[in-house]
Each structure stands twice: as structure tokens, then as C-alpha cells.
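Fold and contact review
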Amino acid sequence: DRHRTAPGHTHPAFPRHPMTSRERLRLALSHRQPDRPPIDLGATWVTGISASAYAKLRPALGLPAGPVRMNEPLQLLAEVDDDVRLALGVDVVGLW
């Protein structure tokens, strides 16, 4: 399930059942404490990552390097791939 947490992250009240990204975000937005802060990378232009940093991030995560697709060309922001989101435990996905 792509909404599950990264390996090793579980909900404190339910240690055997990881909190989903949706649960985590809803709790945070309602000012209640989730298992960890929700992570957003590239869901908006404000939370984007520069193409040059993204090109270095993929190999640093042990993921194959490749051409970086641009999400926002004026700011040179990269489009974040699903494998990077999964590796970092990202909870938020942009709806374009």
C-alpha cells in the first residue's frame, strides 16, 4: 500500500500496525500528534526540490540515476518519482 509508512515507523498506540500517510496527515492537520511528522517533498512548488539536488539525491538513496523530469521550469524544480517518495517515507503527493 503506497500510503503506508516507511519501514520501521509505527503508530504509538498500535505498534503492530503502521499509520497510513492519510492518517498521519489528518492527525497533524487536526493538531493531534501522529506517529511522526508528515513528510512532503515536491507536492507543491513550495515543497519542491531543485533539479540539481534531485539528481544527486537518487544515487545517494541507492536508486538508479537518470534524466530529471522538470515539474516547474521557472524554478528548475524536479518531478519527484514514486521510488524516491517511498525511500524517504513521503506522505504527501501533489494533484496536478
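Here the structure is a predicted model, which means the values were calculated and not measured. (Residues numbered from 1 in each chain as written. Predicted model: local features only at pLDDT ≥ 70, side-chain atom pairs only at ≥ 80, totals over all residues. Heavy atoms only, no water.)

1. Some remarks on helix α1 (residues 21-29)
The condition that has to hold: Burial status follows relative accessibility: with a 1.4 Å probe on protein chains alone, a residue under 20% of its type maximum counts as buried, one over 50% as exposed, and anything between as partly exposed. Runs of E in the DSSP output that reach at least two residues are strands. Runs of H or I that reach at least four are helices, and both are numbered from the N terminus. Working note: the arc is built from the helix axis to C-beta atom directions.
Listed in full, the buried residues belonging to α1 are S21, R24 and L27. The arc that holds every buried residue of α1, seen down its axis, measures 135 degrees, which confines them to one face. Of the residues in α1, the exposed ones pointing more than 90 degrees away from the buried face are R22, R26 and L29. Directly beyond the C-terminal end of α1, a positive phi value near 60 degrees is found at H31.

2. Quick look at the confidence of the model for the protein
As a reminder, the rule being used: Values of pLDDT, ranging from 0 to 100, describe the predictor's confidence in every residue of the model.
Across the protein, the average pLDDT comes to 87, with 82% of residues at 70 or higher. Mean pLDDT values over the elements of the protein span from 91, in strand β1 (residues 70-72), up to 97, in helix α2 (residues 51-60).

3. Concerning the environment of I49
The test is simple: Any two residues having at least one pair of non-hydrogen atoms within 4.5 Å are treated as being in contact.
You can see I49 is positioned in the loop between α1 and α2. The spatial distance from the C-alpha of I49 to the C-alpha of Q75 is 9.4 Å, given a sequence separation of 26 residues. Those residues in contact with I49 that sit more than four places away from it in its chain are L41, Y54, L57, L76, L77, A78 and V80.

4. Some points on the environment of M19
By secondary structure assignment, the location of M19 is in the segment before α1. Considering only alpha carbons, one finds M19 and R36, 17 residues apart in sequence, at a separation of 9.3 Å.

5. A look at the pattern of salt bridges
Any two side chains of opposite charge can pair, so long as their charged atoms come close to each other. Operational definition: Within this document, salt bridges are pairs made up of a side-chain nitrogen of Lys or Arg and a carboxyl oxygen of Asp or Glu, the two lying within 4 Å of each other.
Going through the model one piece at a time under the given rule, you end up with eight salt bridges. Where R85 meets D82, a salt bridge forms, and the shortest distance between an N and an O atom there is 2.8 Å. Of this pair, R85 and D82 both sit in helix α3 (residues 82-88), three residues apart, which is roughly one turn of the helix. Salt bridges linked by common partners bring R58, R69, E79, D81 and D83 together as one network.

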